[in-house]
Amino acid sequence: DGGLRIIALSYGWTTSAHPDPTGATLARVADLLGFYQKNGRYGVFWDFGSLMQHSPDQDGPQRTSEEEAMFKEGLAASSLYY
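Given the structure is predicted, the values throughout are model-derived calculations rather than measurements.

With respect to the pairing of strand β1 (residues 5-9)
Okay, so step 1: Where β1 meets strand β2 (residues 42-46), five bridges bridge the pair, whose relative direction is parallel. What sits directly across from leucine 9, in β2, is tryptophan 46.

Put into structure tokens, the structure is as follows:
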């Protein structure tokens, strides 16, 4: 049909400090996306990369109020993909 198909990706973080500290999930995702790339046009919504993150540490960087508003808007809109 020529339309853009969307792949939605979400998964639990491997540790509380980082979603994929060894890169193992990224490697699996890259392999899968390589398959899709060969078989058509796809957009990817990956919640970790598509929504503004903040540090899990209280002393680490946190979202600004503007980033928090964008995060909440994006999180609400993400239900379109799931």
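Examining the environment of asparagine 39
Okay, so step 1: As for its position among the elements, asparagine 39 is in the loop between α1 (24-38) and β2.
Okay, so step 2: Remark: the alpha-carbon pair of asparagine 39 and glutamine 53, spanning 14 residues in sequence, is separated by 31 Å.
Okay, so step 3: A distance of 2.7 Å separates a polar atom in the side chain of asparagine 39 from the backbone oxygen of phenylalanine 35.

Focus: the pattern of salt bridges
Okay, so step 1: Applying the stated criterion across every chain yields a total of one salt bridge.
Okay, so step 2: One salt bridge connects glutamate 68 with arginine 63, and the closest N-O pair in it is separated by 2.7 Å.
Okay, so step 3: The class for glutamate 68 is partly exposed, based on a relative accessible area of 26%.
Okay, so step 4: On the accessibility criterion, arginine 63 (17% relative accessible area) is buried.

A word on the confidence of the model for the protein chain
Okay, so step 1: Here the protein chain shows a mean pLDDT of 85. Residues at 70 or above account for 99%.
Okay, so step 2: The weakest mean pLDDT in the protein chain belongs to helix α2 (residues 47-50) at 80; the strongest belongs to α1 at 91.

Calculation rules
- Residues numbered from 1 in each chain as written.
- Predicted model: local features only at pLDDT ≥ 70, side-chain atom pairs only at ≥ 80, totals over all residues.
- Heavy atoms only, no water.
- Pairing = 2+ DSSP bridges.
- Helix = DSSP H or I, 4+ residues; strand = E, 2+ residues; numbered from the N terminus.
- Polar contact = N/O pair within 3.5 Å; in protein donor to acceptor, adjacent residues only side chain to side chain.
- Salt bridge = Lys/Arg side-chain N within 4 Å of Asp/Glu carboxyl O.
- Buried < 20%, exposed > 50% of the residue type's maximum accessible area, 1.4 Å probe, protein only.
- pLDDT = per-residue confidence, 0-100.

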